[in-house]
Structure formats: structure tokens, C-alpha cells
Amino acid sequence: MKRTDSERWLAYTNVAADHRTNVFCFPFAGGGASFYRAWSQFTPPRIALCPLQPPGREERFVETPFDSMASLVLGAADALAPHLSRPYALFGHSMGALACFEIVHLLAARGAPLPVHLFVSGAPAPQLASLIPPVYDLPQEELLQEVQRYGGLPDEVLRSPELLDLLIPRLRADFAVTGTYRYASRPPLHLPITAFTGQDDQIVTPSMVDGWREQTSSAFRLELFDGGHFFLARHAREIVLKLAHALA
């Protein structure tokens, strides 16, 4: 049976239809839904982790990835639409955080139910996103140097020409999503935001993450962790516990 577009976005997910709160998790540039699968072992029963899988990665590798924030957000919002009748939250890291922010604004414009909480990680506040220079159009060697600065790819991938030939076009598309992103000023969201950051992140500094407080008229909390841009790989348990506490 052919899967619906919503099912392709939620490939690993059993969206809860009971008392649990669904937490839809959006990946970072170059990442996929499988990154969040290991988090389920830390997840309390009242939460259902639902990783989102955009086109162009993992089992959707043959599909064309989005290369603009507008198209990515539209695709994700359409995929989420059938699953918003129950309480839910959004979590995104880096590119995923900015996408979640724009998804909330699109859902609000549609009159759709909004999340009970927005969790953002390793991302500059939207109004500060332009402070990070775009890298999507750099020559390959320079692009890989930037990827190494972020620290999101294993060394064995970076040393494999065959894997890089497959990966580089998709990385460029993801980096174009943030590199061409233009923030549009809007009133603050009426929902709580929790922002996570690595205190040693030299690309997205804690002060840039702290700027998210300007995007909510509700509660804001900044959570600092040891580590650089991919601090969340080392702190999955703590992050999930903080999600659960915020949603309690």
C-alpha cells in the first residue's frame, strides 16, 4: 500500500492518540529521524517522541530535499496537520529549531491547534539568524571544513569520497534552508519556549540562543550544557527529562 505524505514524514512514529503528549522532533542539517530513535529509551510513558523525516535522507534518500525554509515548513506543516488534535510539542535542533518556529507561525495563520511548548536547540534566535554567514554555496573543501566545525558528521563519512558524493548535494540543500532564511518580524508567540545550548558552541553562541526569549510572551527558559554545537548527542537523557518536566 502506498504511504501518504504524512506517513513518509513520520516513518518511525506511532503518533499517540491517547493521554500522551506527542513531541514532534525535527532534525538538524544533514540529519535524519533516526537520530532521535535512541531517545525513546529515556522517554516517560506520558510522552510520545515522534521524529520527523524530511525528504532527501535515510529511507527518503531518493527524494529531492527542500532547499528553502518556506518549502520545508509548508511540507512539514501539511504532514503534521492530521495529528494536531491531541496536545503536542515541537523540538528542533539547529536548522530544525528555526523550521519549528516557522511551522508554529504557519499553523497559527491557518488557525490550526498550536503546540503546548516549543523546544529549540543549538539555534540562533530567528532575529539573529543572519549573523551566521551562509555556507551552502562554498566550494566543497571549504564546505567540509564548515561541517567539521559543526561536528555533526563522523570522520569515516568525511574520509569517504563515495559517501561525500552522495551527501554533499543534500548538505548544500539543508544549509541553503538556513543560509537563505530571512526573518520576518511578528508578535511574540503565546506559548512557552525552552532553549537548549552548548556552552562551548563557537558557532551558535549561548547569547544568540538566549535571544529566543524575545519570541515568546509566555515563559522562557535557557538550559546550558557542556559541549559544542552537538552537545545533545552527549546529553540525550538530560534533555528528555527536561522535556518531560516542562510538559508535566
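Residues numbered from 1 in each chain as written. Predicted model: local features only at pLDDT ≥ 70, side-chain atom pairs only at ≥ 80, totals over all residues. Heavy atoms only, no water.

Quick word on helix H4 (residues 140-150)
- By the burial criterion, the buried members of H4 are Leu143, Leu144, Glu146, Val147 and Tyr150. With its buried residues spanning 155° around the axis, H4 presents them on a single face.
- Looking one or two residues beyond H4, the residue adopting positive phi is Gly151, at roughly 85°. (Buried < 20%, exposed > 50% of the residue type's maximum accessible area, 1.4 Å probe, protein only. Helix = DSSP H or I, 4+ residues; strand = E, 2+ residues; numbered from the N terminus. Arc of directions from axis to C-beta.)

A short note on the packing of helix H2 (residues 69-80) against helix H3 (residues 95-110)
- At a closest axis distance of 9 Å, the pairing of H2 and H3 adopts a crossing angle of 65°. H3 is crossed by H2, and the crossing has right-handed handedness. Here Met69, Leu72, Val73, Leu74, Ala76, Ala77, Asp78 and Leu80 of H2 lie close against H3, whose contacting residues are Met95, Leu98, Ala99, Glu102, Ile103, Leu106, Leu107 and Arg110. (Axes fitted to C-alpha atoms, helices over the stretch in contact; angles between N-to-C directions. Left-handed = near helix turned anticlockwise from the far one by under 90°. Contact = heavy atoms within 4.5 Å.)

Details of the packing of aromatic side chains
- Tallying each qualifying case throughout the model produces 16 aromatic pairs.
- Consider the rings of Trp9 and Phe26, whose centres lie 6.3 Å apart with planes at 50°: the pair is tilted. Linking Trp9 in helix H1 (residues 5-9) with Phe26 in strand E1 (residues 21-26), this pair joins segments that are 17 residues apart in sequence.
- Classification of Trp9 as buried rests on a relative accessible area of 1%.
- Ring centres of Phe24 and Tyr88 lie 5.9 Å apart, and the angle between their planes is 65°; this geometry places the pair in the edge-to-face category. Here the residue Phe24 occupies a position in strand E1, and Tyr88 occupies one in strand E3 (residues 88-93), the gap between them amounting to 64 residues.
- The exposure class assigned to Phe24 is buried, which follows from its relative accessible area of 0%. (Phe/Tyr/Trp six-rings, centres within 6.5 Å; stacked < 30°, edge-to-face > 60°.)

Some remarks on unusual backbone geometry
- Positive phi outside glycine occurs at Glu58, with the angle close to 50°.
- Given the relative accessible area of 31%, Glu58 is considered partly exposed.
- Unusually for a residue other than glycine, Ser94 sits at a positive phi of about 55°.
- As for its placement among the helices and strands, Ser94 is situated in the loop between E3 and H3.
- Exposure remark for Ser94: the relative accessible area of 16% places this residue in the buried category.

A few points about the pattern of salt bridges
- One pass over the full model with this rule turns up eight salt bridges.
- Among the salt bridges present, the one from Arg110 reaches Asp78, with a minimum N-O distance of 2.7 Å. Here Asp78 lies in helix H2 and Arg110 lies in helix H3, a separation of 32 residues in the sequence.
- The class for Asp78 is partly exposed, based on a relative accessible area of 39%.
- Lys242 is the partner of Glu223 in a salt bridge, and the nearest nitrogen-oxygen pair spans 3.3 Å. Taken together, the positions of Glu223 in strand E6 (residues 220-225) and Lys242 in helix H8 (residues 236-247) put the pair 19 residues apart, joining distant regions of the chain. (Salt bridge = Lys/Arg side-chain N within 4 Å of Asp/Glu carboxyl O.)

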